[in-house]
Amino acid sequence: QVQLVESGGGWVQPGGSLRLSCAASESFFSINVRGWYRQAPGKQRELVATITNVPKTNYATSVKDRFTVSRDKNTVSLQMNSLKPEDTAVYYCYVEVSSTPARRSDYWGQGTRVTVSS
């Protein structure tokens, strides 16, 4: 079915930058919310940043002023600056769409690993 393909993960030293991108396998009639979540070892998945088509953005307190989420057509990106070791996690692309006013569906990418260490 619908697939979200993530790219841009990898290793970076503290203070460095990475840019994550996510592309959907197909377009949608209505994309409500898209963005990024992350899951660190031994922790629950948490919201990093989301963006609606208004557009309105929402960031986790821990990444405010360092990360920037953006959208373009059926893609969503996350520019990560001033990375810290605590940003180490698997990052997941997320998209919420509406095929009809009464039907809402969530889609998740497979995840891309980000490691921040010296």
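Since we're looking at a predicted model, the values are computed, not measured.

1. Side note on the overall build of the chain
Part 1 of the reasoning: For the chain, the helix and strand inventory stands at 0 helices and 11 strands.
Part 2 of the reasoning: Listed by position from the N terminus, the elements making up the chain come as β-β-β-β-β-β-β-β-β-β-β.
Part 3 of the reasoning: Computed over its C-alpha atoms, the radius of gyration of the chain comes to 14 Å, within 12% of the 13 Å expected for a compact globule of 118 residues.
Part 4 of the reasoning: Evaluated residue by residue, the chain yields a buried proportion of 42% over its 118 residues.
Part 5 of the reasoning: When contacts within the chain are restricted to residue pairs at least 6 apart in sequence, long-range pairs at least 24 apart make up 54% of them.
Part 6 of the reasoning: Carbon and sulfur atoms make up 47% of the accessible area of the chain, which amounts to about 6,700 Å² in all.
Part 7 of the reasoning: Taking the 14 positively charged and 9 negatively charged side chains of the chain as two groups, their mean positions are separated by 2 Å.

2. Let's talk about the pattern of salt bridges
Part 1 of the reasoning: Applying the stated criterion across every chain yields a total of 4 salt bridges.
Part 2 of the reasoning: In this structure, arginine 38 and glutamate 46 form a salt bridge, with 2.9 Å as the shortest nitrogen-oxygen distance.
Part 3 of the reasoning: Among the residues examined, arginine 38 registers a relative accessible area of 5% and is labelled buried.
Part 4 of the reasoning: The partner of aspartate 87 in a salt bridge is arginine 38, and the shortest N-O contact between them spans 3.0 Å. Of this pair, aspartate 87 sits in the loop between strand 8 (75–80) and strand 9 (89–100) while arginine 38 sits in strand 4 (residues 31–39), placing them 49 residues apart in sequence.

3. Some remarks on the sheet that holds strand 1 (residues 4–7)
Part 1 of the reasoning: Read across the open sheet, the 4 strands follow the order 1-3-8-7; overall the sheet is antiparallel. Each having just a single partner strand, strand 1 and strand 7 (67–72) make up the two edges of the open sheet. Sheet twist, expressed as the average angle between the axes of neighbouring strands with direction ignored, equals 15°.

About the criteria used
- Residues numbered from 1 in each chain as written.
- Predicted model: local features only at pLDDT ≥ 70, side-chain atom pairs only at ≥ 80, totals over all residues.
- Heavy atoms only, no water.
- Helix = DSSP H or I, 4+ residues; strand = E, 2+ residues; numbered from the N terminus.
- Rg over C-alpha atoms; globule rule 2.2 N^0.38 Å.
- Buried < 20%, exposed > 50% of the residue type's maximum accessible area, 1.4 Å probe, protein only.
- Contact = heavy atoms within 4.5 Å.
- Areas by Shrake-Rupley, 256 points an atom, 1.4 Å probe, with all protein chains shown as cover.
- Lys, Arg positive; Asp, Glu negative; His and termini not counted.
- Charge placed at Lys NZ, Arg CZ, Asp CG, Glu CD.
- Salt bridge = Lys/Arg side-chain N within 4 Å of Asp/Glu carboxyl O.
- Pairing = 2+ DSSP bridges.
- Axes fitted to C-alpha atoms, helices over the stretch in contact; angles between N-to-C directions.

On their own, these measurements won't tell you what the molecule is for.
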